[in-house]
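Structure at a glance
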Amino acid sequence: MALREGLDQRQVAHRDVWARKETIRRIYRDYHSRLLQYCPQGRLLEVGSGTAHIKEIRGDVVSTDILAFPGIDVVGDAHSLPFANDCFSGVVMIDVLHHLERPIEFLREAGRVLRSGGRLAMIEPAMTMVAYPFYHYIHEEPVDLKIDPFTAVIRDPLRDPFDANQAIPTLLFATDQSRKRLEAEIEQFRVVEVDWLSLLAYPLSGGLKEWCLIPPRFLDSLLRVEAMMPKFVRRNAGFRILAVLEKV
């Protein structure tokens, strides 16, 4: 009880749901496996690890988060990572970028700690034609597609780490124009992969909510069907965007 009382109770609630819901554990196992396959061999860092789920499939990943939790190796701010230059082969993250106050500053910082040829791989909310209404009208986190994610932001020391704009990943990665602008702004990176995931499995799972509309026994089949969908279908109906950047 004392340990739970010393933690952010939103993280405790997420971990409790995680322990009860096999479906969400299997979905995130699929997400983590996808991210890891894009990273070169070598030392890996997870940013915004939350409750450190990734260690269930790869225990040697260095897990970092701005909030302490069992399984987190290093507590620190993603905008100022407490690591030396060029010390990781890969950086992975799920549902982190859209929570960051200064996403461009973070991307530069990720590039600093990556070796040449290292990769940053992430999975984030996607504002597709199908997913946008759900995120905008139902999900508790805001969606603002009118902001410019490249605009400099003054640091707010009182900002809640759970504050978010779910539109940021789509604004940065969804179009050729935005990707070219990103590469011009952050010359150390080139975008090597952008794809869309989770047409049905994730929304039917309820995420980290208590409810779930898909039994675990159907999940693997549904994920296989989603993977077979043409990219234009995924791009218009996916609830997640996957982006992979490589340090040049």
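For the structure, see preceding data.
Described below are features of the structure shown in this document. Keep in mind that this is a model prediction, so the values were computed, not measured.

**With respect to the environment of Gly-48**
Position of Gly-48 relative to the elements: it lies in the loop between β1 (44-47) and β2 (62-65). For Gly-48, a relative accessible area of 24% translates into the label partly exposed. Along the chain, Gly-48 and Pro-70 lie 22 residues apart, while their C-alpha atoms are 13 Å from each other. The residues touching Gly-48, leaving out its near neighbours within four places in the chain, are Thr-64, Asp-65 and Val-96.

**Brief notes about a nonpolar patch on the surface**
On the surface, a nonpolar cluster with roughly 600 Å² of combined accessible area is contributed by Met-129, Val-130, Phe-134, Tyr-137 and Ile-138. With respect to the helices and strands, Tyr-137 occurs in helix α5 (residues 131-137). Judged by its relative accessible area of 64%, Tyr-137 is exposed.

**Structural notes on the nonpolar core**
Nonpolar side chains in soluble globular proteins generally cluster together in the buried interior. Residues Leu-97, Phe-106, Leu-107, Leu-120, Phe-173 and Leu-182 are the most contacted members of the largest nonpolar core, which totals 36 residues. Those elements that provide at least two residues to this core are β1, β4 (88-94), α4 (103-113), β5 (114-125), α6 (168-173), β6 (189-197) and β7 (240-247). Broken down by element, this core gets its largest block of residues, five residues, from α4. Once residues lying within four places of it in the same chain are set aside, the contact partners of Leu-107 are Leu-97, Leu-120, Met-122, Leu-172, Leu-182, Ile-186 and Phe-189. The next biggest cluster of nonpolar side chains, apart from the first, holds 31 residues, and it includes Trp-18, Tyr-28, Ala-167 and Tyr-202.

Calculation rules
- Residues numbered from 1 in each chain as written.
- Predicted model: local features only at pLDDT ≥ 70, side-chain atom pairs only at ≥ 80, totals over all residues.
- Heavy atoms only, no water.
- Helix = DSSP H or I, 4+ residues; strand = E, 2+ residues; numbered from the N terminus.
- Buried < 20%, exposed > 50% of the residue type's maximum accessible area, 1.4 Å probe, protein only.
- Contact = heavy atoms within 4.5 Å.
- Patch = residues over 30% accessible without salt bridge, like charges linked within 9 Å, V, L, I, M, F, W, Y side chains within 5 Å.
- Areas by Shrake-Rupley, 256 points an atom, 1.4 Å probe, with all protein chains shown as cover.
- Salt bridge = Lys/Arg side-chain N within 4 Å of Asp/Glu carboxyl O.
- Core = buried A, V, L, I, M, F, W, Y, C linked by side-chain atoms within 4.5 Å.

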